[in-house]
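Working through the structure, step by step
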Number of protein chains: 2
Amino acid sequence: MTPTHMAREVAECPAAAARFLADTGPAVAAAARALRQMDPGLIVTVARGSSDHAATFLKYAVELLAGIPVASVGPSVASIYGRPLRLSGAACIGISQSGQSPDIVEMMRTAKSGGALTVAITNQDNSPMAGAADHCLALRAGEERSVAATKTFIISALAGLALLADWKQDRALQAAVAAAPEAFAAALSLDWSPLSARLSRAGSAFVLGRGPAFAIASEAALKFKETCGLHAEAYSAAEVLHGPAALVQAQFPVLALGVEDAALPQVIATAERLAAQGADVFLTGGEAKGAVTLPSVSGLHPLLAPLVLAVSFYSFVEALARRRGFDPDTPPHLRKVTETV
Amino acid sequence: MTPTHMAREVAECPAAAARFLADTGPAVAAAARALRQMDPGLIVTVARGSSDHAATFLKYAVELLAGIPVASVGPSVASIYGRPLRLSGAACIGISQSGQSPDIVEMMRTAKSGGALTVAITNQDNSPMAGAADHCLALRAGEERSVAATKTFIISALAGLALLADWKQDRALQAAVAAAPEAFAAALSLDWSPLSARLSRAGSAFVLGRGPAFAIASEAALKFKETCGLHAEAYSAAEVLHGPAALVQAQFPVLALGVEDAALPQVIATAERLAAQGADVFLTGGEAKGAVTLPSVSGLHPLLAPLVLAVSFYSFVEALARRRGFDPDTPPHLRKVTETV
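Residues numbered from 1 in each chain as written. Chains lettered and ligands numbered in written order. Predicted model: local features only at pLDDT ≥ 70, side-chain atom pairs only at ≥ 80, totals over all residues. Heavy atoms only, no water.

1. Quick look at the sheet that holds strand β1 (residues 42-47) of chain B
All names here are of chain B. Here 5 strands make up an open sheet; going across it, the order is β2-β1-β3-β4-β5 and the pairing parallel. Where the open sheet ends on each side, the last strands, each with one partner, are β2 (70-72) and β5 (135-138). Recorded for the sheet is a direction-independent mean angle of 20° between the axes of neighbouring strands. Of the pairings in the sheet, the one linking β1 to β2 comprises 3 bridges and is parallel in character. (Pairing = 2+ DSSP bridges. Helix = DSSP H or I, 4+ residues; strand = E, 2+ residues; numbered from the N terminus. Axes fitted to C-alpha atoms, helices over the stretch in contact; angles between N-to-C directions.)

Spelled out as structure tokens, the structure:
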């Protein structure tokens, strides 16, 4: 059987990461230098879909490593309501695979005219978004044929980490970024068959994470919807206890994305609590009473670990989609480039 | 039959709003004066659950009216990762009914020590969160016995609007806030029976909004989960087209919360697109081809309209919960005060 585009593109993550790191160093360095010079008091991000999950990942990374608050701005503030934001002293990072959605481009222009330093992270360095920005980090991930983004999510988030590491001159994170291709390769094709069996017919599920891994939970939930017709929803492992846990009845499937960082004990505690409610809980990164542990790559930098986990998830979900009878390359009702206003 | 606590508390919204406006004017004025004096370049919000939806509502209101970016900070950044954020020149608004969750209190303290002006919006003005803040806007909404928050969500969001109106000395918004009790009264018990019939047995649904109404969509989706055991998920009416629309098959229920503002045409366009995919679409605030229009209060200020719509939704969902065989006062697995770290 010919592999799907999605399967091929997930498998390309290690090579795409290596190519990005080899080709885009000077552009990353230039943007990092500009960030050091301006010393922004605020970062704003502009993105949609999977790219917005990469932006959420970057939010946690910047807040944890640089101690600077990050605001996600709804593109509608500029594109629909026509409201300029006061952004002097801020940097604006836009993330979009295509760089084409009019609302994203409009918000980048608004940010620049509001005084922000603007950085575009995109696979299309000749796109309108790239043209509207002061700096562009081109992903060079190659064409992505599957409608559901995978390698461009991974390389977008890696680009953000590379920028952060260079900006803050953080040697541990720089080393982690340099080792990303190898870690992504180790993450491919881990055996998550117990989860696959449980989800082969499920209609609903929760995906949990905390801190940077919450962004990966959001991305995983979207991929379940796009490629598997499964209504998965992402929650922080704390937030889920403030209401949504009401939905968790016996046998409700829960995927808890733990990584080896400071939040892991709290993720495990939530996993145990939901398992005690009768949920079918699957956990990465640790062990929880009543939960099934799924394998993951260990011993990673805590900001790289969530991205490595995303590669494992992509590999898993592509196979799950086929098992559920879907073609993961062509989700119903979607096209590759979504243009919203 | 005795009405549920939830039914009584939703019905109390008009009186609670009037009491808040009568009692809390001086506290609102003092906090607004402090905001005018400092002229913050950034607002950060700290909240969880329904209160976080009130914070999202306030984010759109502040960005649209004041043009200042608003960042939601994950409480985990302080409570789990122990990372101080640089917040000089920022104001931090914490929202919590109980004011007791340790992670929220910790983030308020971190914000204050990071240089932020801090404002607590809470129903418990003797709570740890209130004690940690420079200013406290007490809701005075009376005890909320239903686990699912309703009147405290409405009054928290109204408190935010009142603060914004006074801070920016915006007469139109001040007038809208003063008229809120009357508008809330008009919103009670509208006839949404076509939606009730459609959702009497549904397992999954989407709730859509855009701009400030997106916050109400988020709150509505949470209430569906908490009180009806219905897996409803909220999306912006633009975001839903960037992937989640793949889940929308024939007869998938969609509630599109339109209000009379600049985003309404885009909300209608999305409603029509999903109806054309075969979804069962219900819309407020306008008419869309293939969708059922639900009644709502019209002629309101665009920033008050979403809150008024929330009152109508609460009234509806309380009855739907009973129709689905749930006691809306006591959702499974939840307690009134959720303490997360």
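2. Some thoughts on the interface of chain A and chain B
Listed by partner, the interface residues are 72 residues for chain A and 73 residues for chain B. Where chain A abuts chain B, roughly 5600 Å² becomes buried across the two surfaces, and 56% of that area is made up of carbon and sulfur atoms. At the junction of chain A with chain B, the criterion picks out 8 salt bridges. In this structure, Arg48 of chain A engages Glu239 of chain B in a salt bridge whose closest nitrogen and oxygen atoms are separated by 3.0 Å. Where chain A packs against chain B, one counts 33 residue pairs in polar contact (both at pLDDT 80 or more). Those elements giving two or more residues to the side of chain A that touches chain B turn out to be β1 (42-47), α4 (49-66), β2 (70-72), α5 (76-79), β6 (204-209), α12 (212-228), β7 (231-236) and α13 (264-276) of chain A. The greatest single-element share of the side of chain A that touches chain B, amounting to 7 residues, is contributed by α4 of chain A. Of the residues belonging to the side of chain A that touches chain B, the class tally is 38 nonpolar, 20 polar and 14 charged. (Contact = heavy atoms within 4.5 Å. Buried area = accessible area lost by both parts, 1.4 Å probe. Salt bridge = Lys/Arg side-chain N within 4 Å of Asp/Glu carboxyl O. Polar contact = N/O pair within 3.5 Å; in protein donor to acceptor, adjacent residues only side chain to side chain. Nonpolar A, V, L, I, M, F, W, Y, C, P; charged D, E, K, R; others polar.)

3. Quick look at the nonpolar core
Nonpolar side chains tend to gather and get buried jointly when the protein is soluble and globular. Ranked by internal contacts, the top residues of the largest apolar core, which has 139 residues, are Phe184 and Phe224 of chain B. Sequence-distant contacts of Phe184 of chain B, that is, excluding residues within four places in its chain, are made with Cys13, Pro14, Ala17, Ile154, Leu158, Leu304, Leu307, Val308 and Val311 of chain B. Membership of the second largest hydrophobic core comes to 88 residues, among which are Ala66, Leu164, Ala202 and Leu309 of chain A. (Core = buried A, V, L, I, M, F, W, Y, C linked by side-chain atoms within 4.5 Å. Buried < 20%, exposed > 50% of the residue type's maximum accessible area, 1.4 Å probe, protein only.)

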